[in-house]
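Residues per chain, in single letters:
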Amino acid sequence: TPWTMTRTTVRSQAARWTFWIVVLAFKVWVGFGGLRAMDRMLDDLLICRPGREDVRDMPMYAFGPTWDKDVIEWFIVLCTAFVLYITDTQFWFSLGCSVFGVLVAFQQRRWQVLDLAREDAVAKIPERFSAKVLPFAAGGDGRFSAAFPVIWDKVIEYMRYEDKVDD
């Protein structure tokens, strides 16, 4: 690959692996519950399912008026359950990434969640933007870069153009 992988500590890797093992184990447990529910539902429908009939009886059932309809219905229910399982996996992945991201953000801020909730983050935009994006820009009043107001005006102008903010 053109990029080198970011080095992480063994503790961080273990935390990530443990987190994902727990999330996906819960997902598999819920998935098996869904399969059991689907199997009970198919039993309640009283439809023929491939593999449930005796092989000697297949010529009598095959392509009969109900067998092919039942097999098609069984196949559609199975495909629907598979699509729901895949989309459910995407949901659990997104939820897991969100939870893990919040935990990492709190950890990076040394678990000072109340300070994060009480601070006026909008008022600190000039200082933080200047420190992170414009650290080498000269001038300013000591708190933020002299280039910040010009750049910020362009950002706001574009956001107004896109109707992201109004006057």
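Before going into details, it helps to say that this report is about the structure given with it.

The rules we used
Per-chain numbering applies: the sequence of each chain, read as written, is numbered from 1 onward. Predicted model: local features are reported for residues with pLDDT of at least 70 only, side-chain atom pairs are reported and counted for 80 or more only, and whole-chain, interface and lining totals are derived from all residues. The side-chain values count all of the structure's non-hydrogen atoms but skip hydrogen atoms and water molecules. Salt bridge, as used here: a side-chain nitrogen of Lys or Arg that lies within 4 Å of a carboxyl oxygen of Asp or Glu. Numbering of helices and strands runs from the N terminus; a helix is a DSSP stretch of H or I covering at least four residues, while a strand is a stretch of E covering at least two. Helix span, expected: 1.5 Å multiplied by one less than the number of residues in the helix. Relative accessibility decides the category of a residue: with a 1.4 Å probe and only protein chains considered, values under 20% of the type maximum give buried, values over 50% give exposed, and everything between is partly exposed. Throughout, a residue-residue contact means that at least one pair of heavy atoms, one from each residue, lies within 4.5 Å. For helices, the axis comes from a line fit to the C-alpha atoms of the stretch in contact; other axes are also lines fit to C-alpha atoms, and the angle between any two N-to-C directions lies between 0 and 180 degrees. Here is the rule for angles: anything less than 35 degrees is roughly parallel, anything more than 145 is roughly antiparallel, 65 through 115 is roughly perpendicular, and the remaining ranges are oblique. Lys, Arg, Asp and Glu make up the charged group, whereas Ala, Val, Leu, Ile, Met, Phe, Trp, Tyr, Cys and Pro make up the nonpolar group; the residues left over, Gly among them, are polar.

## Description of the pattern of salt bridges
Phase 1 of the analysis: Scanning the model with the defined rule gives four salt bridges in all.
Phase 2 of the analysis: Note that K69 is salt-bridged to D70, the shortest N-O span being 3.0 Å.
Phase 3 of the analysis: A salt bridge links E119 to K124; the nearest nitrogen and oxygen atoms lie 3.3 Å apart.

## As for helix α1 (residues 10–45)
Phase 1 of the analysis: Here α1 is 36 residues long and its end C-alpha atoms lie 52 Å apart, about the 52 Å a rise of 1.5 Å per residue gives.
Phase 2 of the analysis: Along α1, the residues classified as buried are F19, V23, K27, G31, M38 and L42.
Phase 3 of the analysis: Where α1 is buried, its residues meet α3 (67–108).
Phase 4 of the analysis: Downstream of α1 by a residue or two, L46 has a phi angle that is positive, lying close to 55°.

## Some remarks on unusual backbone geometry
Phase 1 of the analysis: Not every positive phi belongs to a glycine, and W111 is a case in point at roughly 60°.
Phase 2 of the analysis: Along the chain, W111 falls in the loop between α3 and α4 (113–118).
Phase 3 of the analysis: When its relative accessible area of 51% is taken as the criterion, W111 is described as exposed.

## A word on the packing of helix α5 (residues 125–132) against helix α6 (residues 148–161)
Phase 1 of the analysis: Running from N to C, α5 and α6 cross one another at 105°; their axes reach a closest spacing of 11 Å. Compared by their axis directions, α5 and α6 come out roughly perpendicular. Contact residues: I125, P126, F129 and S130 in α5; F148, I151 and W152 in α6.
Phase 2 of the analysis: Here the contact of α5 with α6 is composed, by residue class, of six nonpolar, one polar and no charged.

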